[in-house]
Every structure is written in C-alpha cells, then in structure tokens.
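# Architecture and fold: a report
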Amino acid sequence: GKEAPEVDKVLLRNVAKAHRWYEMLKQGHSFAEIAEQEKLSARRVQQLMDHAFLAPDITKAIIAGKHPAGLTTEYIQRSEIPSNWAEQRKLFAALNN
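Residues numbered from 1 in each chain as written. Predicted model: local features only at pLDDT ≥ 70, side-chain atom pairs only at ≥ 80, totals over all residues. Heavy atoms only, no water.

Judged by nonpolar contacts, Leu 11, Val 15, Leu 54, Ala 55, Ile 58, Ile 62, Leu 71, Tyr 75, Ile 76, Ile 81 and Phe 92 together constitute the single largest core of 11 residues. Looking at this core, the elements with two or more residues in it are helix H1 (9-26), helix H4 (56-64) and helix H5 (73-78). Ignoring sequence-local partners within four residues, the contact set of Leu 71 consists of Asp 8, Leu 11, Ile 58, Ile 62, Ile 76, Phe 92 and Leu 95. Grouped together as the second largest cluster of nonpolar side chains are seven residues, Trp 21, Ala 35, Val 45 and Met 49 included. (Core = buried A, V, L, I, M, F, W, Y, C linked by side-chain atoms within 4.5 Å. Buried < 20%, exposed > 50% of the residue type's maximum accessible area, 1.4 Å probe, protein only. Helix = DSSP H or I, 4+ residues; strand = E, 2+ residues; numbered from the N terminus. Contact = heavy atoms within 4.5 Å.)

Structure (structure tokens):
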C-alpha cells in the first residue's frame with residue numbers, strides 16, 4: 001500500500017532558508033553578508049539559493065511531503081535546475097520513476 005507522505009525536513013528547511021535569503025538579497029544584502037550571518041560559505045549560500053526558485057506547486061508538494069522522492073537538497077545542488085516552472089515539473093516528474 002501507499003505509506004504516509006514523508007516530509008523531507010532538510011529540503012523543507014533549505015526551501016525556507018533560501019526564501020529568506022532571497023528576500024535579503026532583494027533588500028540589498030550580498031551573498032557574503034548572508035553567508036557571514038549564517039556562518040556558511042558564500043558558495044554554499046549560492047548553492048542553496050535554487051531552493052527559492054522552485055515552482056509554487058512544487059514547494060507546496062515539498063511542504064506536504066508529496067514531492068518526488070528523488071527531489072532532495074543534494075539533487076538540487078548537483079543539478080542545473082531550470083528557472084522555468086514547466087521545465088521544472090517535467091524534470092521532477094522523471095524523478096518519480
């Protein structure tokens with residue numbers, strides 16, 4: 001049978017963080033400033049930024065634990081995530097297999 005959805009806490013936390021950082025960038029903060037505040041490298045902050053640009057329905061699925069199992073923070077950092085939401089949906093749908 002279908003087991004209950006599994007919320008990926010790491011992924012969820014990184015989505016929330018990336019959205020917060022994106023707001024900070026829009027307010028004029030630099031990657032370096034954010035990195036210093038978060039005690040991370042600027043490179044790490046940049047790697048995690050892609051989490052802020054996931055399609056809203058994909059973000060909702062992550063919150064509900066209904067996203068493809070292959071969609072992890074590790075996958076997002078390793079892959080070139082398209083900024084186009086339709087392309088994201090196609091790419092992530094393939095992770096369900």
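We are not done yet, so read on.
Here we take up the packing of aromatic side chains. Inspection of the entire model under this criterion finds two aromatic pairs. Ring geometry for Tyr 75 against Phe 92: centres 6.3 Å apart, planes inclined by 75°, an arrangement best described as edge-to-face. In this pair, Tyr 75 is assigned in helix H5 and Phe 92 in helix H6 (residues 85-93), connecting sequence segments 17 residues apart. For the pair shown, Tyr 75 and Phe 92 are each scored as buried. (Phe/Tyr/Trp six-rings, centres within 6.5 Å; stacked < 30°, edge-to-face > 60°.)

Right, let's talk about the side chain of Asn 14 for a bit. One can find Asn 14 in helix H1. Residue classification places Asn 14 among the buried positions, given a relative accessible area of 5%. A polar atom in the side chain of Asn 14 sits 2.9 Å from the side chain of Thr 73. Those residues in contact with Asn 14 that sit more than four places away from it in its chain are Leu 48, His 51 and Thr 73. (Polar contact = N/O pair within 3.5 Å; in protein donor to acceptor, adjacent residues only side chain to side chain.)

Turning next to helix H3 (residues 42-49). Of all the positions in H3, only Val 45, Leu 48 and Met 49 are classed as buried. Mapping the buried residues of H3 onto a view down its axis gives an arc of 110°, with all of them on the same face. Buried positions along H3 lie against H1, helix H2 (31-38) and H5. (Arc of directions from axis to C-beta.)

Right, let's get into unusual backbone geometry. One non-glycine residue with positive phi stands out, namely Lys 39, at about 55°. Examined against the element boundaries, Lys 39 turns out to sit in the loop between H2 and H3.

Without other data, these values stay purely geometric and don't point to any function.
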